[in-house]
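In case you want the letters, here they are:
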Amino acid sequence: MTTVVESPEVLTLLTELTTLTGREDPYPRYARLREISPIVRAGDNALVVTRHADCAAVTRDPKLGHMPAHMLAFVGFPDWAEHPALQQFFTSLIAQNPPDHTRLRRLVSSRFTARRVQELRPAIEHMVGELLDDLADSREADFVGAFAFPLPVNVIGELLGVPKEDRAQFQTLVRDWSQVLDIITPEVLKKADPAAQMMRDYLTGLAAERRRHPQDDLLSALVSAEEEGDRLTEDELLTMAALLFAAGFETTTNLLANGLVALLANPGQLPALAEDPVAAVEELLRFDSPVQIVGRVAWEPTTIAGVAIEPGDRLVAYLGAGNRDPERFAEPDRLDLRRADNAPLSFGGGIHYCLGAPLARLEAQVALPELMRRLPRLALAGGAERRNSLTLRGYTKLPVTTREGK
Ligand code: HEM
């Protein structure tokens, strides 16, 4: 049986991963952690797994779930319900257990099936074309502000029914709110609470508007589900809208930016991107995952990484580490857009498997090949700024030049 390793080196590695230097390139530290033991104990007692198979098991094991919101009071957040940021996250679909999770997910899942999402392809191609026209006209640009954020925010904004002129403000609001995915401190809440409250106030107004004048959008569908009876409360409606909107662009922005950085560092791979964008995007997801970490708590005894897990134990799966596990992937640190039998963990697994995976994949499959085709001289300009998060890996700023040498 494997033993859980708790050692000063483990604590140092885990702490380093929370720093800017550690986040710059977490992969050597993940590799070292995996070498030490497949399962280690963090300073806050959580059990951390780094192998592909164990990360997959953590996302899929039905004996693991999420801490119900009311239990947060017992783990250091007695006043969680008074914090809009915590309330909006911990009562959302992503943090629910069955049967509520099942009921809530069923309400929206039909909108995000691969077939339904493919219908959006022409609209996505059109948006990509327009953004690239603007990008091609500028010699220098911030790739995040000019492309990686506007594309997904406009796609999910159209789907949900958030008017175009209102979308830009959500970039900072969601960035501040989503800090609650990391270690929650009073400083984090100082920014996250007002951000979550502003999102809620905005969505309350928009839902009221849709109640008066329904449109052909997802928010109107949610409003009518609420009106039809006990399938959805108003709180649940607003929380669902906030989650869908935030999850709909935040992570896809990071996929596009991380993907671009990986492609520019491996120019020999560009023909493979054009030939098979589907395989290429799977590899970009694996190589530098926009979501690095997911957490669970045990309800019942189970076994993870060969270790007996007791009810109440907290588990953290380092998806970014599992994606580079040499037991699962040959030459895991090499970007290989033609990699066969790929299986990135980046969208999680089990009942919480990313609802938006088909949409995120489609956006990247359309956007990245077209970007490299239209702007073959695209280059990084220096001065990139990383997102201040352990869970969400990406950039807040990624300066590029588009016509180098012209
Ligand atoms: C759940 C990643 C894009 C909506 C998740 C989870 C991961 C993830 C890892 C599971 C979390 C867990 O198990 O605790 C990503 C990545 C994306 C992406 C890497 C982009 C590259 C999107 C998009 C949407 C979306 C475009 C738009 C609707 C959701 C929702 C959940 C979820 C609603 C919760 C599902 C549930 O709990 O049943 N995502 N996501 N995601 N994602 Fe995504």
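Residues numbered from 1 in each chain as written. Predicted model: local features only at pLDDT ≥ 70, side-chain atom pairs only at ≥ 80, totals over all residues.

Colleague: Can you help me understand the overall build of the protein in this one?
Modeller: Scanning the protein from N- to C-terminus turns up 18 helices and twelve strands. Against the globule reference of 22 Å for 406 residues, the protein gives a C-alpha radius of gyration of 21 Å, in line with a compact fold. A principal-axis box enclosing the C-alpha atoms of the protein has dimensions of 60 × 55 × 40 Å. Out of the 406 residues in the protein, the part that is buried amounts to 46%. Pairs at least 24 apart in sequence give 71% of the contacts found in the protein among residues at least 6 apart. (Helix = DSSP H or I, 4+ residues; strand = E, 2+ residues; numbered from the N terminus. Rg over C-alpha atoms; globule rule 2.2 N^0.38 Å. Buried ≥ 20, exposed ≤ 12 C-beta atoms within 10 Å, placed from the backbone. Contact = placed C-beta atoms within 7 Å.)

Colleague: Would you take a moment to explain the pairing of strand 5 (residues 293-298) for this structure?
Modeller: Across a regular strand the side chains alternate sides, sitting on one face of the sheet and then on the other. Here strand 3 (residues 64-65) runs beside strand 5; their pairing, made up of two bridges, is antiparallel. Paired with Leu64 across the two strands is Ala298, which belongs to strand 5. Both strand 5 and strand 8 (residues 314-318) contribute to a ladder of five bridges, which runs antiparallel. By the bridge assignment for strand 8, Val297 is matched with Arg314. (Pairing = 2+ DSSP bridges.)

Colleague: Explain the sheet that holds strand 9 (residues 379-380) to me, please; I cannot follow it from the model alone.
Modeller: What holds strands together in a sheet is hydrogen bonding between their backbones, with the strands either parallel or antiparallel. Pairing is antiparallel across the open sheet formed by three strands, whose spatial order is 4-12-9. One side of each edge strand has no neighbouring strand; the edge strands of this open sheet are strand 4 (140-142) and strand 9. Where strand 4 meets strand 12 (residues 399-401), three bridges bridge the pair, whose relative direction is antiparallel. Pairing of Glu140 across the sheet is with Thr401, part of strand 12.

Colleague: How should I be thinking about the site of the ligand in this particular structure?
Modeller: Of all residues adjacent to the ligand, which total 25 residues, the nearest are Ala247, Thr251, Gly348, Cys354 and Gly356. Contributing elements (two or more residues each) for the shell around the ligand: helix 14 (234-265) and helix 18 (357-374). It is helix 14 that provides the largest number of residues to the shell around the ligand, a total of seven residues. (Near = placed C-beta within 6 Å.)

Colleague: Can you help me understand unusual backbone geometry in this one?
Modeller: A negative phi angle is the norm for most residues apart from glycine, just as the trans form is the norm for most peptide bonds. Each neighbour pair has its own omega, and for Pro98 with Pro99 the value is 5°, a cis peptide bond. With respect to the helices, strands and loops of the structure, Pro99 is situated in the loop between helix 5 (84-90) and helix 6 (100-109). Here the phi dihedral of Ala305 falls at roughly 55°; this positive angle occurs in a residue that is not glycine. Phi is positive for Asp341, close to 55°, though the residue is something other than glycine. Looking at the element boundaries, Asp341 is found in the loop between helix 17 (319-322) and helix 18.

Colleague: What is the right way to read the nonpolar core from this model?
Modeller: Membership of the largest hydrophobic core comes to 114 residues, with the highest contact counts inside it found for Val49, Trp177, Ala241, Leu256, Ala317 and Tyr318. Counting residues per element, this core draws most heavily on helix 14, at 17 residues. Excluding anything up to four places from it in sequence, Tyr318 contacts Tyr30, Val48, Val49, Thr50, Cys55, Gln292 and Ile293. (Core = buried A, V, L, I, M, F, W, Y, C linked by C-beta atoms within 7 Å.)

Colleague: Can you walk me through the packing of helix 8 (residues 121-137) against helix 10 (residues 150-160) in this structure?
Modeller: When two helices pack together, their arrangement is given by the angle between their axes and by how far apart the axes lie. Taken N-terminus to C-terminus, the directions of helix 8 and helix 10 make an angle of 145°; their axes are 10 Å apart at the nearest point. Classified by chirality, the crossing of helix 10 by helix 8 is right-handed. The segment helix 8 lies against helix 10, with Ala123, Ile124, Met127, Val128 and Leu131 engaging Pro150, Leu151, Asn154, Val155 and Glu158. Taken together, the residues of the contact of helix 8 with helix 10 sort by class into eight nonpolar, one polar and one charged. (Axes fitted to C-alpha atoms, helices over the stretch in contact; angles between N-to-C directions. Left-handed = near helix turned anticlockwise from the far one by under 90°. Nonpolar A, V, L, I, M, F, W, Y, C, P; charged D, E, K, R; others polar.)

Colleague: Help me understand the confidence of the model for the protein in this model?
Modeller: For the protein, the average pLDDT comes to 94, and 98% of its residues sit at 70 or higher. Overall fold confidence (pTM) sits at 0.96, and the ipTM for the predicted complex is 0.99. (pLDDT = per-residue confidence, 0-100.)

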